[in-house]
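Structure assessment
Listed below, chain by chain, are the residues.
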Amino acid sequence: SDSKYLDPMLKKRDDFEDILEERRNSSDLRYALRCYIPVLYKELTPCKASELKSMVLQSDQLRYVINQVCKETGMAADEVQAEAAAILEEMAHRLQLSTIRFFAFTLSKVFKTLFRSICVNEEGIQRLQQAIHEHPVVLLPSHRSYMDFLLMSYILYTYDLALPVIAAGMDFMAMKFVGEMLRMSGAFFIRRSFGGDKLYWAVFSEYVKTMLKNGFAPVEFFLEGTRSRTCKSLTPKLGLLNIVMDPFLKGEVFDVSLVPVSISYERILEEALYARELLGVPKPKESTSGLFKARKVLSEDYGSIHVYFGQPVSVRSLAQNRVDRCQFNLIPRHIPRKPGEDIHSFVNDSAYRLVRAQEENMVLKPWVLLASLLLQNHHQMQVAEQKQEMALDELTEQAVWLRDLSRQYGAFLHWPDHVSPSEAVSSSLSLHRGLVRISEGRVQLAFEQGEPCSTVTPEEELLNQAVIILSCASYRNQALHIFLRPALLASAIHTASSSNKQEVYNSFSFLRNMFSNEFILCPGATVQDFEEACYLLVKTGALQINQQEFVVTERGHRTLGFLTRMLDPFLQGYQVVCRFLCEDATEGLTEKQFVPAVRKFIIRHILTGRLRYTEVLSSDLQKNSLAALLRLGAVQKLKGYVGVCHPCTSVCFDWLRQKQAS
Amino acid sequence: CGRQPGSIVGVHVHCYPNLCPYLFFFHRQEIMKWNGWGYSDSRFFFNKKGQAEFTGRRYRLSGLIIPGLKDWFESTFGASLQHKTPATVSPILNSSAVQPPTLNEAFVEELKSTGIPLSHDAEDRVFRAHGHCLHEIFALREGKFGRVPDMVVWPNCHNDVVKIVELACKHNVCLIPYGGGTSVSSALECPPEETRSIVSLDTSQMNRILWIDEKNLTAHVEAGIVGQDLERLLNESGYCTGHEPDSMEFSSLGGWVATRASGMKKNVYGNIEDLVVHVKMVTPQGVIEKSCQGPRMSTGPDVHHFIMGSEGTLGVVTEVTMKIRPMPEYQKYGSVVFPNFEQGVACLREVARQRCAPASIRLMDNEQFKFGHALKPQVSSIFTSFLDGLKKFYITKFKGFDPNRLCVATLLFEGDREKVLQHEKQVYDIAAKFGGLAAGEDNGQRGYMLTFVIAYLRDLGMDYYVIGESFETSVPWDRVLDICRNVKARIIRECKDKGVQFSPLSTCRVTQTYDAGACVYFYFAFNYRGLSDPVHVYEQVEHAAREEILANGGSLSHHHGVGKLRKEWMRDTISKVGMGMLKSVKDYVDPNNIFGNRNLL
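Keep in mind that this is a model prediction, so the values were computed, not measured.

**Section: the overall build of chain A**
Assigned secondary structure in chain A consists of 27 helices and 17 strands. Over its C-alpha atoms chain A spans a radius of gyration of 26 Å, differing by no more than 12% from the 26 Å that the globule rule assigns to 662 residues. When the 662 residues of chain A are sorted by exposure, 56% land in the buried category. For chain A, the share of sequence-separated contacts (at least 6 apart) that also reach a separation of at least 24 residues comes to 77%. When the accessible surface of chain A is split by element, carbon and sulfur atoms take 52% of a total near 28,500 Å².

**Quick look at the UniProt feature "binding site: substrate" (unreviewed entry) in chain B**
Residue and element names in this part refer to chain B. When the UniProt feature table is mapped onto this chain, "binding site: substrate" (unreviewed entry) is found at Arg458. By secondary structure assignment, the location of Arg458 is in helix 15 (residues 441-462). Once residues within four sequence positions are removed from consideration, Arg458 is found in contact with His132, Cys133, Leu134, Ile137, Val466, Gly468 and Glu469.

**What to know about the sheet that holds strand 3 (residues 65-66) of chain B**
Residues and elements named next belong to chain B. One open sheet accounts for three strands, arranged 1-2-3; its pairing is antiparallel. Looking at strand neighbours, the two that pair on one side only are strand 1 (44-46) and strand 3, the edges of this open sheet. Looking at chain direction, strand 2 (residues 52-54) and strand 3 are connected through two bridges and run antiparallel. Bridging from a neighbouring strand, Ala52 pairs with Ile66 of strand 3.

**Quick word on the environment of A:Met390**
Residues and elements named next belong to chain A. Looking at the secondary structure, you find Met390 in strand 10 (residues 389-391). Exposure remark for Met390: the relative accessible area of 1% places this residue in the buried category. Separated by 53 residues in the primary sequence, Met390 and Val443 have C-alpha atoms spaced 5.1 Å apart. Residues in contact with Met390, not counting those within four places in the same chain, are Leu374, Asn377, Leu395, Gln398, Gly441, Arg442 and Val443.

**Thoughts on the sheet that holds strand 15 (residues 330-338) of chain B**
Residue and element names in this part refer to chain B. Strand order in this open sheet of seven strands is 18-15-17-16-20-21-19, and the pairing throughout is antiparallel. Two strands close off the open sheet at either side, each with one partner strand: strand 18 (437-438) and strand 19 (466-476). Pairing geometry for strand 16 (residues 360-364) and strand 17 (residues 407-415), over five bridges, is antiparallel. What sits directly across from Arg362, in strand 17, is Thr410. Sheet contacts for helix 14 (residues 417-433): strand 15, strand 17 and strand 18; angle to strand 15, the most-contacted strand, approximately 10°. On top of the sheet, helix 16 (residues 480-497) reaches strand 19, strand 20 (505-513) and strand 21 (517-527); it is set at about 15° to strand 21, its chief contact.

**Here's the deal with the environment of A:Ile493**
Residue and element names in this part refer to chain A. Within the secondary structure, Ile493 is located in helix 21 (residues 458-495). A sequence separation of 57 residues divides Ile493 from Phe550, and the C-alpha atoms of the two residues are 8.0 Å apart. Aside from chain neighbours lying at most four places away, what touches Ile493 is Val504, Leu543, Phe550, Val552 and Leu560.

**With respect to helix 8 (residues 122-134) of chain A**
The terminal C-alpha atoms of helix 8 of chain A, which comprises 13 residues, lie 19 Å apart, in line with the 18 Å expected from a rise of 1.5 Å per residue. Buried residues along helix 8 of chain A sit against strand 2 (117-121), strand 3 (137-141), helix 9 (147-158), strand 7 (257-265) and strand 8 (304-309) of chain A.

**Here's the deal with the pairing of strand 19 of chain B**
Residue and element names in this part refer to chain B. By the criterion of burial, strand 19 is predominantly enclosed, with nine of the 11 residues buried. With 11 bridges connecting them, strand 19 and strand 21 associate as antiparallel partners. Within the sheet, the bridge partner assigned to Thr473 lies in strand 21 and is Val520.

**Details of the confidence of the model for chain A**
When pLDDT is averaged across chain A, the result is 89; 91% of the residues are at 70 or more. Of the regions scoring below 50 in pLDDT, residues 645-652 of chain A engages in 13 contacts with residues more than four places distant in sequence or in other chains.

**Some details on a negative patch on the surface**
A surface patch of negative charge is lined by A:Asp324, A:Glu341, A:Asp342, B:Glu547, B:Glu568 and B:Asp572. As for its placement among the helices and strands, A:Glu341 is situated in helix 17 (residues 341-360). The class of A:Glu341 is exposed, set by a relative accessible area of 62%.

**As for the interface of chain A and chain B**
Contacts between the two partners involve 16 residues from chain A, matched on the other side by 13 residues from chain B. Regarding the contact of chain A and chain B, the summed buried area is about 1,200 Å², with carbon and sulfur atoms giving 36% of it. Counting the surface chain A buries against chain B, the share from its top three residues, A:Phe254, A:Arg325 and A:Arg333, is 44%. Applying the counting rule to chain A against chain B returns six salt bridges. We note a salt bridge from B:Asp482 to A:Arg333, for which the minimum N-O separation is 2.8 Å.

**Quick look at the packing of aromatic side chains**
Residues and elements named next belong to chain A. Per the counting criterion, the structure on display carries 43 aromatic pairs over all chains. Ring plane angle 85° and centroid distance 5.4 Å describe the contact between Phe188 and Tyr207, whose orientation is recorded as edge-to-face. Placement of the pair is Phe188 in strand 5 (residues 187-190) and Tyr207 in helix 11 (residues 198-213), with a sequence separation of 19 residues. Residue class for Tyr207 comes out buried when judged on its relative accessible area of 1%. One aromatic cluster is present, formed by Tyr31, Tyr36, Phe111, Phe115, Tyr154 and Tyr157 through successive ring pairs. Across the ring face of Tyr146, the terminal group of Arg227 is positioned such that the distance to the ring centre comes to 3.7 Å.

Conventions used here
- Residues numbered from 1 in each chain as written.
- Chains lettered and ligands numbered in written order.
- Predicted model: local features only at pLDDT ≥ 70, side-chain atom pairs only at ≥ 80, totals over all residues.
- Heavy atoms only, no water.
- Helix = DSSP H or I, 4+ residues; strand = E, 2+ residues; numbered from the N terminus.
- Rg over C-alpha atoms; globule rule 2.2 N^0.38 Å.
- Buried < 20%, exposed > 50% of the residue type's maximum accessible area, 1.4 Å probe, protein only.
- Contact = heavy atoms within 4.5 Å.
- Areas by Shrake-Rupley, 256 points an atom, 1.4 Å probe, with all protein chains shown as cover.
- UniProt positions renumbered as here; feature names shortened; annotations may be inferred.
- Pairing = 2+ DSSP bridges.
- Axes fitted to C-alpha atoms, helices over the stretch in contact; angles between N-to-C directions.
- Expected span 1.5 Å × (residues − 1).
- pLDDT = per-residue confidence, 0-100.
- Patch = residues over 30% accessible without salt bridge, like charges linked within 9 Å, V, L, I, M, F, W, Y side chains within 5 Å.
- Salt bridge = Lys/Arg side-chain N within 4 Å of Asp/Glu carboxyl O.
- Lys, Arg positive; Asp, Glu negative; His and termini not counted.
- Charge placed at Lys NZ, Arg CZ, Asp CG, Glu CD.
- Buried area = accessible area lost by both parts, 1.4 Å probe.
- Phe/Tyr/Trp six-rings, centres within 6.5 Å; stacked < 30°, edge-to-face > 60°.
- Lys NZ or Arg CZ within 6 Å of the ring centre and 35° of its normal.

Spelled out as structure tokens, the structure:
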């Protein structure tokens with residue numbers, strides 16, 4: 001049973017159905033105007049959006065906080081009340097079916113132009129329908145594109161499911177018309193930061209809880225907080241999850257169903273936009289006109305989208321034997337309290353589990369594997385100072401090898417088995433014409449072929465290349481969660497001082513800890529992750545364990561080589577950040593200055609050939625490494641300034657330096 | 001033994017020598033079932049036409065046909081009259097199946113010399129080896145007996161008890177006090193690990209009212225008296241205690257004190273702790289009692305509160321002085337229909353806020369409303385049935401109440417006529433604010449009848465694969481709706497998880513109101529066809545339901561007590577220090593654990 005638990009091969013996943021197919025064969029208008037009767041929560045007392053607002057404003061919770069604010073600020077009660085009403089007004093959605101119908105029509109047109117198919121697992125839809133009927137539901141889609149939440153509502157409308165209300169960032173609201181349209185399609189807007197604003201928090205949390213408890217609509221938000229520009233899952237944000245779990249913990253509802261939804265795009269609309277953003281190259285301001293650079297975007301082929309509605313997760317079962325709900329017995333439930341340590345760690349663990357569930361059901365396309373191989377090849381050739389290209393045959397051979405490996409690791413890979421591997425490879429490549437170039441049977445990354453002595457500076461050329469590389473990396477990143485644990489083990493074996501199991505474990509544990517801001521690694525699951533990695537490598541014949549010693553097999557070298565190379569850019573990235581902090585950081589470096597400064601440092605290093613991974617230029621990686629160093633105590637933050645502890649005092653620091661020296 | 005009814009024989013003091021009503025028999029099993037609830041002559045059964053009938057002549061329902069019960073029963077539980085599970089043993093107890101008694105010869109010898117009646121007859125012992133938990137009755141129906149008392153003694157008065165306790169201490173014999181035997185907390189179960197001889201101390205012969213003091217409105221009563229007898233005897237002199245727990249036909253005064261009982265009409269008369277003025281208890285350390293009968297004292301922690309709720313672990317309550325009241329001039333039942341349970345709870349809360357609760361006010365949820373409806377006896381005239389139809393039409397069609405959501409509150413008013421009518425109007429006015437419609441006296445009265453016959457109905461269910469039980473809690477007002485919803489849902493979920501094939505009956509009522517909260521009563525029953533160990537499944541579900549109650553801010557018990565069934569949660573309930581306090585009292589009062597029923601701690 002142990003192996004069953006570890007073996008990702010045994011995961012069962014549903015089949016998909018293309019919802020665009022019907023759209024291509026029947027009237028969009030009729031579809032947009034069709035009779036829509038969703039299944040609702042069984043204990044729903046129907047109420048209008050406006051009634052919802054007054055319920056919030058009259059709630060005990062809010063009245064208590066308003067009272068508190070009055071006492072603290074000396075403001076009059078009706079003044080604070082008015083402020084609360086204004087906050088709610090700014091926040092609240094105005095979900096109406098007509099807007100959804102409008103979107104159903106226009107999005108049908110747009111989707112058909114942009115995408116080949118939108119595939120949805122219908123069994124997941126059925127499970128969701130059941131869940132909506134039984135309990136309040138929270139939808140937790142992954143977040144890779146602006147499309148995500150319109151797409152979600154579109155799908156739910158298509159399947160006659162209750163339309164969700166969606167927590168959206170305030171930046172959308174800046175787009176005047178779009179903001180209002182989104183509001184009317186169920187979005188409610190929250191400020192990005194409202195740290196100490198008690199009243200804002202109270203209005204916000206009460207608003208969400210009221211909608212959830214009454215079963216008004218499924219509540220949808222993004223656990224990752226924001227769109228992942230790198231296509232790696234982001235470490236979860238806990239604020240909203242805390243809010244939606246609270247009604248269960250306080251006994252106000254019997255249960256809450258959390259439904260992770262994995263949305264995978266074969267080609268992401270914002271691909272180049274993200275790369276530019278990560279590189280700090282100015283991007284067009286978010287404006288209505290900029291959202292779709294209509295003509296260009298619409299003329300391209302973005303492949304297919306896969307949306308997988310995961311198994312609903314019951315908060316009740318998550319909390320069983322974890323949380324003592326009696327802790328809420330002695331204080332009236334409407335008095336806000338900071339969640340205790342146990343609640344915090346419970347919510348945090350749950351959040352990680354949910355993001356992992358999103359990851360597991362992400363559909364991977366062959367291109368994701370090709371991007372990984374092409375990037376690795378690019379760097380290897382760069383080191384060997386050879387032409388950074390690859391024969392198509394070789395790529396195909398490697399891709400088939402990687403396909404089999406990833407399947408053994410449990411990847412949800414959609415490889416077209418009905419065509420020959422070479423066809424599969426070339427059709428994948430052709431969809432990503434902007435990133436790869438094929439000529440004379442050889443493949444390479446599609447860098448602009450600048451004339452040797454044009455006006456482009458070396459730095460500009462580097463950044464142009466980096467856009468391509470980061471775009472490719474964003475596809476490789478989609479497969480990272482498949483290889484992450486074995487890759488950590490491979491790197492640990494590579495760096496450990498001996499092949500003794502304990503040594504390797506220590507090394508694994510260090511790396512895992514180091515990268516826990518970078519990747520989704522569930523807190524406290526080091527042993528489990530280690531065992532899973534061992535299990536996979538041993539099962540696939542890459543590794544043997546003889547009397548507590550790891551032995552890499554003959555065929556294992558290829559696997560371990562691939563895995564270490566996968567993690568290498570990240571290791572190098574963390575090292576270069578350390579180096580920057582030791583060598584180059586001036587005193588009084590602020591967090592704001594950090595990214596530009598480290599970027600400059602890195603560009604210098606790449607241009608002088610001291611660093612080979614262009615993708616280290618990603619500000620995401622730089623921020624994550626700083627966060628990790630802060631967390632590990634190698635770096636300290638003093639009143640907003642970033643300062644380095646003495647390098648010798650920090651084990652991790654030394655280690656990174658040693659690693660770099662070797 | 002002194003049968004002098006008190007030394008102060010004054011004008012206003014009555015005494016009642018030589019009474020012998022029903023339950024004064026030594027061998028109660030002659031008129032009561034030994035493996036089911038209540039009187040042997042009273043039971044439900046389905047007649048040849050498949051209609052339910054209630055036998056006997058003791059209750060309003062006795063001898064009547066209840067036409068709706070079969071359909072309700074079959075549709076609620078998925079049960080069928082074809083699938084019977086009669087008790088596997090005959091109504092007559094087979095004494096050879098009972099373990100022979102372990103007797104402490106020296107104790108028996110000395111006890112015999114006192115002349116106090118005793119018995120080690122198997123029937124007597126088995127009858128006193130259990131309360132009325134589901135697992136206890138289920139085992140009896142299957143003819144299974146665990147550890148039973150080795151002997152039964154019947155003290156006749158306080159002094160007899162003193163002698164018995166002294167001898168028990170001298171010979172290290174385990175004593176288990178036995179009052180009415182209506183416990184639902186496994187309190188009467190003999191600890192299987194007990195190696196000493198276990199003696200059941202049956203208080204039934206101590207059943208006299210020793211005096212009535214009309215100046216102070218108190219009565220001094222022996223603790224073995226059973227509720228209905230106490231009430232009837234007091235009524236004869238124009239008084240009542242007003243203490244009416246649902247079990248009052250069989251439960252005893254001593255039992256009420258030992259479990260902190262609560263009566264239906266506590267809003268007027270108070271719970272047992274409000275009624276008790278003076279208690280006498282015999283413990284291994286001697287007799288504990290206060291020196292005066294002052295109505296309230298500031299003399300350190302009230303020692304009565306060590307006695308009340310001690311569940312037979314410290315000694316035997318022998319005599320109690322309790323408050324009495326003149327019998328009410330006028331009584332009136334009533335009922336209110338609400339569109340839904342939420343509105344009903346809001347109304348009860350408001351009634352409690354205004355402190356105008358009638359003697360009793362209970363709110364039944366929709367399932368229980370339907371249950372009560374199914375118990376309607378056959379109506380004799382076409383006119384009544386026409387009227388019923390009209391009422392139903394008015395409520396569901398004209399007023400738009402959803403028959404699957406509406407719920408009903410039953411009311412009982414007591415007092416002088418004018419005040420009752422005034423009070424009634426006040427309550428109905430409040431109810432109207434919450435959408436409540438007055439629904440007549442009949443519905444109210446039937447609601448209260450349900451509580452007396454429910455235990456008989458369980459026996460009927462057990463003949464057809466249906467097992468069930470009730471349990472209770474108390475909870476702050478703001479939690480009432482949440483706890484009702486969550487506990488009922490938890491029961492349904494657990495049944496499903498545990499493989500119960502049919503959806504269970506999971507229903508509740510708010511049965512008492514207080515200033516700061518309410519008492520909630522749950523009924524839970526299911527059809528166990530297809531389960532190999534139904535009692536175990538039942539116990540798991542009840543356990544989960546109790547966990548849910550506690551997680552939702554409910555108490556471990558409002559009035560059933562802890563016994564052995566709920567012991568595991570005591571520490572969390574009263575804290576480690578609290579446990580230590582109770583333990584140290586036990587250690588002082590009963591260092592050798594003579595009162596060894598192992599309840600509570």
